[in-house]
Amino acid sequence: NVPLQTPRPRLNGQRASMETFEGRLESFRDRQHPIDPERLARAGFYSTGEQDQVLCFRCGGGLKTWRPEEDPWEEHARHYPGCSFLQAEKGEEYVNSVQLRYPKGDH
Ligand SMILES: [Zn+2]
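Report follows, based on the coordinates. What you see as residue numbers is a count from 1 along each chain, following the sequence as written. Reporting in this predicted model follows two pLDDT cut-offs: at least 70 for local features of residues, and 80 or more for side-chain atom pairs to be given and counted; totals over whole chains, interfaces and linings ignore these cut-offs and use all residues. Excluded from the side-chain calculation are hydrogens and water; included are all heavy atoms of the structure.

A few points about the packing of helix 3 (residues 72-79) against helix 4 (residues 84-101)
- Every axis in this analysis is a line fitted to C-alpha atoms, fitted for helices over the stretch in contact. Angles between the N-to-C directions lie between 0 and 180 degrees. Strands are runs of DSSP state E lasting at least two residues, helices are runs of H or I lasting at least four, and both sets are numbered from the N terminus onward. Here helix 3 crosses helix 4 at 75°, and the two axes come no closer than 8 Å. On the basis of their axis angle, the class for helix 3 and helix 4 is roughly perpendicular. On helix 4, the residues that touch Trp73, Glu74, His76, Ala77 and Arg78 of helix 3 are Phe85, Leu86, Glu89, Lys90, Tyr94, Val95, Val98, Gln99 and Arg101.
- Under the grouping applied here, Gly and all other residues not named as nonpolar or charged are polar, the nonpolar ones being Ala, Val, Leu, Ile, Met, Phe, Trp, Tyr, Cys and Pro and the charged ones Asp, Glu, Lys and Arg. A breakdown of the residues in the contact of helix 3 with helix 4 according to their chemical character gives 7 nonpolar, 2 polar and 5 charged. Orientation is classified from the angle alone, with under 35 degrees giving roughly parallel, over 145 giving roughly antiparallel, 65 to 115 giving roughly perpendicular, and any other angle giving oblique. Here, two residues are considered to be in contact whenever any of their heavy atoms come within 4.5 Å of each other.

Points about the coordination of the zinc ion
- The donor set covers N, O and S atoms within 2.8 Å of the metal, switching to 3.2 Å for Na, K and Ca, and it leaves out water, so a site may look short of donors. Taken together, Cys56 (SG), Cys59 (SG), His76 (NE2) and Cys83 (SG) make up the protein donors of the zinc ion, found 2.1 to 2.3 Å from the metal.
- Here a site with four donors is tetrahedral if all angles are between 85 and 135 degrees, and a site with four or six donors is square planar or octahedral if opposite donors are over 155 degrees apart and the other angles are between 65 and 115; anything else gets the irregular label. In this structure, the zinc ion is coordinated by 4 donor atoms arranged in tetrahedral fashion, with angles at the metal of 103 to 119°.
- Written as a sequence motif, the donor arrangement for the zinc ion is C-x2-C-x16-H-x6-C. Of the two residues, Cys56 is situated in strand 2 (residues 54-56) and His76 in helix 3; the sequence distance between them amounts to 20 residues. Accessibility classification places Cys56 together with His76 in one group, the buried group. Summary of the burial criterion: residues with accessible area below 20% of their type's maximum are buried, those above 50% are exposed, and those between are partly exposed, where the area comes from a 1.4 Å probe applied to protein chains only.

See below:
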């Protein structure tokens, strides 16, 4: 046997349901989050169950330490511009415009 490098995320067994908006929204139930869970779920994110950490169901990109004024789609495009869900939902032009607003290395 080969040990897992990292512990399995708690929601791994439910990964399939995270492909739906309802499934992702459900993951935020009973959780405090600085961002409206509905907006996070629409942007492809679900809660990992740890603090305010979220993961994208498609690209697996994780984000945490959210500020209330942040936009889930914008953060998705800023940090994970190659995500196919993001590209399909928002289009290349949107992703490019976000990337232009946040030059690489400026965090
Ligand atoms: Zn993504």
